[in-house]
Amino acid sequence: MFLVLFRPPFALAAALTAAAFPAQASDCPDAPDHSTPLEALMEEVQDAESETQAREIANRMWEYWADAPNAQAQAMLDRGMTKRSAFDFLGALADFDQLIAYCPDYAEGYNQRAFVHYLRRDFAAALTDLDRALDLSPRHIAAMSGRALSLYGLSRLEEAREALTAALALNPWLPERYLAEPGGPLAPPGDGDVEL
């Protein structure tokens, strides 16, 4: 016995059309403008009194950064993030490539793809994507700190130090802050040095 699923003719036609003609960049709407609430959260995190409070504020920032332009873009982003979390890096890259092709002006697509490149230790590719994410969203703290880590991975220490300093100016509670503490690899020169 065969199971026959009934699909109305217009639904079938729409599905076939979508398969034959993938989403085009011109179809992607502008990303939502969350700059005002993000700026408020940046001010709030600078006044945070504990790491726990700062982490909760940062999680609220992520809700805005990960708000894709439409449902189709959101599905691509969510799918890629799920694959990345499951260590399916190639699958995640494919989803983020698709998202970027569809929404080339959405910063989070580049930021998420950069994270996968970083996890694969392809720091140069991560840096390229992070630079594009920051072109689109100059105060994206996660992209700023990711850029610092990628520069560090490339042994470009002075640039990494500058990038991390800029990120910490917006969120002094970043987990990466230990790199800039006295004696850390991105501490200001002379900071923590011991005279013999």
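Residues numbered from 1 in each chain as written. Predicted model: local features only at pLDDT ≥ 70, side-chain atom pairs only at ≥ 80, totals over all residues. Heavy atoms only, no water.

Participant: Break down the state of the cysteines for me, with residues and values.
Facilitator: If you walk through the whole model with that rule in mind, you get 1 disulfide. Through a disulfide, C28 is tied to C103; the S-S separation comes to 2.0 Å. Taking the sign of the S-S torsion, about 100° here, the bridge from C28 to C103 comes out right-handed. Of this pair, C28 sits in the loop between α1 (9-20) and α2 (35-46) while C103 sits in the loop between α5 (89-102) and α6 (107-119), and the two are 75 residues apart along the sequence. (Disulfide = S-S within 2.5 Å. Helix = DSSP H or I, 4+ residues; strand = E, 2+ residues; numbered from the N terminus.)

Participant: How would you explain the packing of aromatic side chains if you had to name every residue and give the values?
Facilitator: Pairs of aromatic rings are described using the distance from one ring centre to the other and the angle between the two planes. Evaluated as defined, the whole model comprises 3 aromatic pairs. Where F87 meets F89, the ring centres are 6.0 Å apart and the plane angle is 70°; that geometry is what we call edge-to-face. (Phe/Tyr/Trp six-rings, centres within 6.5 Å; stacked < 30°, edge-to-face > 60°.)

Participant: Give me the pattern of salt bridges: which residues, what numbers.
Facilitator: For the coordinates displayed, the defined rule picks out 13 salt bridges. In this structure, R139 engages E39 in a salt bridge whose closest nitrogen and oxygen atoms are separated by 2.7 Å. One end of the pair, R139, is in the loop between α7 (123-136) and α8 (141-153); the other, E39, is in helix α2, and 100 residues separate them in sequence. Relative accessible area serves as the criterion here: at 38%, R139 is assigned to the partly exposed category. Classification of E39 as partly exposed rests on a relative accessible area of 28%. Between D131 and R147 there is a salt bridge; the shortest N-O distance is 2.7 Å. Of this pair, D131 sits in helix α7 while R147 sits in helix α8, placing them 16 residues apart in sequence. Taken together, the shared-partner salt bridges in this structure form one network comprising E44, E56 and R60. (Salt bridge = Lys/Arg side-chain N within 4 Å of Asp/Glu carboxyl O. Buried < 20%, exposed > 50% of the residue type's maximum accessible area, 1.4 Å probe, protein only.)

The analysis is restricted to geometry; functional conclusions fall outside its scope.
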